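# Observations on chain architecture
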Amino acid sequence: MNIDSIQNGIVIDHIKAGSAMVLYDLLHLDTLDVSVAIIKNVNSRKMGKKDIIKIDADIPVDLDVIGYVDPDATINVIKNGVLAEKKSLSLPQTLTNVLRCKNPRCITSCEQELPHVFRLTDEKTKQYRCIYCETKANG
Amino acid sequence: MRSVIDILDLSVEELDELLAVAQDIIDNPEKYQNACAHKKLATLFFEPSTRTRLSFEAAMYELGGNVLSVTGGNTSSVAKGESVADTAKTVSCYADIIAMRHPKEGAALVAANNASIPVINAGDGGHCHPTQTLADLLTIKREKGGFDGLTIGLCGDLKFGRTVHSLINAMSRYRDIRFILVSPEELKLPSYVKNETLKKYGLPYVQTNDLLEHLPEMDVLYMTRVQRERFFNEEDYLRLKDTYVLTPDKLKTAKSDLCIMHPLPRVNEISVAIDNDPRACYFKQVLNGKYMRMALILKLLKEAAV
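Predicted, not measured: the structure shown is a model, and the values here were computed from it. (Residues numbered from 1 in each chain as written. Chains lettered and ligands numbered in written order. Predicted model: local features only at pLDDT ≥ 70, side-chain atom pairs only at ≥ 80, totals over all residues.)

A few words now on the overall build of chain A. Looking only at helices and strands, chain A has two helices and eight strands in total. Over its C-alpha atoms, taken along the principal directions, chain A stretches across nearly 50 × 30 × 25 Å. Counted over contacts in chain A with a minimum sequence separation of 6, partners at least 24 positions apart contribute 57%. (Helix = DSSP H or I, 4+ residues; strand = E, 2+ residues; numbered from the N terminus. Contact = placed C-beta atoms within 7 Å.)

As structure tokens, then:
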């Protein structure tokens, strides 16, 4: 399967297979007016299977979101058809308005304007908790 | 601006400092009677409370300060839909320090993030109630002489009981503490408190539904109320509310110097027949709460002035 290489844009590579659509949603790529290619289940020597996202524009992407979904993914910035920059990722310490607190007793449940902020509380288990009520993310 | 939202906002050294100041207030009250002259405490209570609000207000008056008070969301701008953030900004224009209780978890943090004066969390839903923990610590210190080496029984609603979670967090920083967690299956201590505090610090604990079996081992017995307001389902509340009732008969096997505590209000978890037992410390806890709130108000106002 062939997808054209991009001239100026971003390639998010080495995404854990199955996570590309999660990233697509969280990065709000559906709102972009540029070509976006999602390539799923690509054979990879290192990973077995992987996903790739290609964005045909050099736009700022939220590295925290990508780091949260898959800290092992790689970001390649392409300029004039060549690799101009590689960005490394790590698990972000806080996430703002990426996750939503589902605790009905949390202050965010009744004050709509408040940002939903989650803090990394356990790096090993990748556990995030709401800074207001300490409810687990996706818990 | 320094605020206290969670008991863990205070280091062990700061807890020791507050305990020492509270003891000094007890010993030398006249030294402190004008310590907060011309300062105003705003008590913003958006959830029913007798003890905590009066305790804060009494504490401020005994420090020579004044009190501005809002009680009940339906008599304030909150009833008109004002956000916690706006309320905090507004009250910052009138007062020097805020004590806030709110039914929603995290409300005090929102207030602290928006106020330009110190905020003390006086209870945010089922989440945190740090000044109750300060009262508990002073009571244990005064009754047992210190914290190290104690076996602490916690009994009742360990799931929603915010005072229990805060006390475990605070006590976990002392040496050789052992916990006995007594609750019905449905109200067991949440796994995150176990994993992130008890297991993390390697604290020994026993989890049981049998109070009598473990009562003889306890140095402190902390009873809690099953709180109706934390249940979405009235049936569950009615089924669980009378699981543990402490009576003089049950205390026969307990240590002679057991310290019986309760954050109050009690419903019927502790029989009134125990009130005159020298081991009953729950009304001393109320008084100790006022002294610790005095110490905390003093500390935060002093830090804010720097």
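Attention shifts here to the interface of chain A and chain B. Counting residues at the interface gives 12 residues for chain A and 11 residues for chain B. A per-class count over the side of chain A that touches chain B returns seven nonpolar, one polar and four charged. (Nonpolar A, V, L, I, M, F, W, Y, C, P; charged D, E, K, R; others polar.)

This part covers helix 2 (residues 51–62) of chain B. Residues and elements named next belong to chain B. If you check helix 2, its first and last C-alpha atoms are 16 Å apart, about what 12 residues at 1.5 Å a residue would give, namely 16 Å. Among all positions of helix 2, only Thr52, Arg53, Ser55, Phe56, Glu57, Ala59 and Met60 are buried. On its buried face, helix 2 is in contact with strand 1 (40–45), strand 2 (66–71), strand 3 (97–102), strand 4 (119–124) and helix 10 (282–305). Backbone geometry just after helix 2 places glycine 64 at a positive phi near 85°. (Expected span 1.5 Å × (residues − 1). Buried ≥ 20, exposed ≤ 12 C-beta atoms within 10 Å, placed from the backbone.)

With that out of the way, let us pick up the sheet that holds strand 6 (residues 94–96) of chain A. Residues and elements named next belong to chain A. With antiparallel pairing, the three strands of this open sheet are ordered in space as 6-7-8. Every interior strand has two partners, whereas the edge strands, strand 6 and strand 8 (127–130), have only one. On average, each strand axis in the sheet is inclined to that of its neighbour by 30°, with strand direction left out of account. Bridge count between strand 6 and strand 7 (residues 117–122): three bridges; the pairing is antiparallel. Its bridge partner being in strand 7, leucine 95 is matched across the sheet by phenylalanine 118. (Pairing = 2+ DSSP bridges. Axes fitted to C-alpha atoms, helices over the stretch in contact; angles between N-to-C directions.)

To continue, consider helix 1 (residues 12–27) of chain B. Residues and elements named next belong to chain B. Between the first and last C-alpha of helix 1 there are 22 Å, a value that for 16 residues agrees with the 22 Å anticipated at 1.5 Å per step. When helix 1 is considered as a whole, its buried residues turn out to be Leu15, Leu18, Leu19, Ala22 and Ile25. An end-on view of helix 1 places all buried positions within 120° of arc, on one side of the element. Away from its buried face by more than 90 degrees, helix 1 exposes Glu13, Ala20 and Asp27. (Arc of directions from axis to C-beta.)

This part is about the domain arrangement of chain B. Residue and element names in this part refer to chain B. Per the domain assignment, the segments making up chain B are domain 1 (7–129 + 288–305) and domain 2 (130–285). Using only C-alpha atoms to locate each centre, domain 1 and domain 2 end up separated by 25 Å. Contact residues are listed per partner, giving 21 residues for domain 1 and 22 residues for domain 2. Counting only elements with at least two residues in the side of domain 1 that touches domain 2, the list comes to helix 1, strand 4 and helix 10. Of all the elements, helix 10 adds the most residues to the side of domain 1 that touches domain 2, at six residues. Its residues assigned to classes, the side of domain 1 that touches domain 2 shows 13 nonpolar, six polar and two charged. (Domains from an automatic or database assignment.)

Time to look at the sheet that holds strand 1 (residues 9–16) of chain A. All names here are of chain A. The five strands lie next to each other as 2-3-1-4-5, forming an open sheet whose pairing is antiparallel. Strands at the two margins of the open sheet, each flanked by one partner only, are strand 2 (36–44) and strand 5 (82–87). Pairwise comparison of adjacent strand axes, ignoring direction, gives a mean angle of 25° for this sheet.

Residue and element names in this part refer to chain A. Pairing between strand 2 and strand 3 (residues 48–55): seven bridges, direction antiparallel. When the sheet's bridge partners are listed, isoleucine 39 is paired in strand 3 with isoleucine 52. Here strand 2 hands over to strand 3 after three residues, the two strands then running antiparallel side by side.

Interfaces are often sized by the amount of accessible area the parts lose when they come together. When cut into domains, chain A gives domain 1 (9–87) and domain 2 (94–130). When each unit is reduced to the centre of its C-alpha atoms, the spacing between domain 1 of chain A and domain 2 of chain A is 24 Å.

Residue and element names in this part refer to chain B. Here lysine 290 shows up in helix 10. Spatially, the C-alpha atom of lysine 290 lies 8.9 Å from that of glutamate 57, the residues being 233 residues apart in sequence. Dropping the residues within four chain positions of it, lysine 290 is found in contact with Ser55, Ala58 and Ala59.

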